[in-house]
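The chain contents come next:
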Amino acid sequence: MDELTERQQQVLDCISRHLKLHGMPPTVAEIAAALELSSPNGVRGHLQALAKKGAIELIPNASRGIRIVQQESKRAARSRGLPIVGQVAAGSPILAEEHIEDYCRIDPEFFRPKADYLLRVRGESMRDIGILDDDLLAVKRQPDADNGQIVVARLHDEVTVKRLRKRGDKIYLQAENEHFPPIIVDLQKQSLSIEGIAVGVLRHW
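Now for a quick tour of the structure. (Residues numbered from 1 in each chain as written. Predicted model: local features only at pLDDT ≥ 70, side-chain atom pairs only at ≥ 80, totals over all residues. Heavy atoms only, no water.)

**Here we look at the environment of C104**
As for its position among the elements, C104 is in strand β4 (residues 100-104). Classification of C104 as buried rests on a relative accessible area of 6%. Taking the C-alpha atoms as reference points, C104 and P83, separated by 21 residues in sequence, lie 6.5 Å from one another. (Helix = DSSP H or I, 4+ residues; strand = E, 2+ residues; numbered from the N terminus. Buried < 20%, exposed > 50% of the residue type's maximum accessible area, 1.4 Å probe, protein only.)

This is the structure:
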C-alpha cells in the first residue's frame, strides 16, 4: 500500500475522528470545514487519492459514502507512534481500540527488545524499582516470560504489572513495595496469561 502525503493523512484522520464522534462518515463539506479548506473539489481529489491507495472505499451516489479500510486504519495508527494503553476493561484484548488513550511519538526500536505499546501504570506496587504511578511502561508483547522478569499479567480479567516468580505449579506475582503482598496463583486451579514483558519506563508524559 502506498504511503500517504501529509494532507491525505489529515483527511483520513478527519474521517476517523468524525466516525468516532458521530458514528457516521463526514460529508465532503464537513471535511473541508474541519480542515479549513476553501474548495470541496480539493477534498474530493484527496478522497480519490486515498481510495486509489486503498486507505478508503468510496460508495457512489452517497453524501457520506466513505468507508475506512480497516487495514489502513491500523497502519495509520501505528504511524503515530506507540499506543498508550490506559484502563483495560475486563475480558477484552489489551490493545482494543477503546483502551488506547493516546499515542507517543517514540521509535519502538528505542527499547531493547523493541516495544509494542506503552501501558500507563496505576498505583505504587512497583515503586521500589522506579516504576511509579502514571509512568508509561514500555511493553513487548509475548505470551511467556522468564523467572524474575517484570511482566504484564492478566489474572481474573484484571491486568497487573508485577515481577514473575515460578515455583512448581505456583506463580508468584511479586510487588516491589513491602506494603503489597505477592499475588499467588495456583496454576492447577487458576488461569494466568502473560500479556508481555517490561522493556523500559517513560516519565512526565
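**Some words on the side chain of D135**
Along the chain, the position of D135 falls in the loop between β5 (117-120) and β6 (136-141). Overall, the relative accessible area of 2% leaves D135 in the buried class. If sequence neighbours within four positions are ignored, D135 has contacts with L119, R120, V121, G130, V201, L202 and R203. (Contact = heavy atoms within 4.5 Å.)

**Quick notes on the pattern of salt bridges**
Going through the model one piece at a time under the given rule, you end up with 10 salt bridges. We note a salt bridge from E109 to R112, for which the minimum N-O separation is 3.4 Å. For the salt bridge of R127 with D128, the shortest nitrogen-to-oxygen distance reads 3.2 Å. For D128, a relative accessible area of 48% translates into the label partly exposed. Sharing partners across several salt bridges, the network here consists of E101, R120, R122 and D134. (Salt bridge = Lys/Arg side-chain N within 4 Å of Asp/Glu carboxyl O.)

**Side note on the side chain of Q142**
Among the structural elements, Q142 can be located in the loop between β6 and β7 (150-155). A polar side-chain atom of Q142 sits 2.7 Å from the main-chain carbonyl oxygen of D144. Setting aside anything within four residues of it in sequence, one finds Q142 in contact with I194, E195, G196 and I197. (Polar contact = N/O pair within 3.5 Å; in protein donor to acceptor, adjacent residues only side chain to side chain.)

**Remarks on the environment of G42**
On the secondary structure map, G42 appears in helix α3 (residues 40-52). For G42, a relative accessible area of 31% corresponds to the partly exposed category. Along the chain, G42 and I197 lie 155 residues apart, while their C-alpha atoms are 46 Å from each other.

**Some details on the packing of helix α1 (residues 6-22) against α3**
Interhelical geometry of α1 versus α3 gives an angle of 90° and a closest axis separation of 10 Å. With respect to α3, the axis of α1 lies roughly perpendicular. Here α1 contributes R7, Q8, V11, L12 and I15 to the contact with α3, which in turn contributes H46, L47, A49 and L50. When grouped by side-chain class, the residues that make up the contact of α1 with α3 number six nonpolar, two polar and one charged. (Axes fitted to C-alpha atoms, helices over the stretch in contact; angles between N-to-C directions. Parallel < 35°, antiparallel > 145°, perpendicular 65-115°, else oblique. Nonpolar A, V, L, I, M, F, W, Y, C, P; charged D, E, K, R; others polar.)

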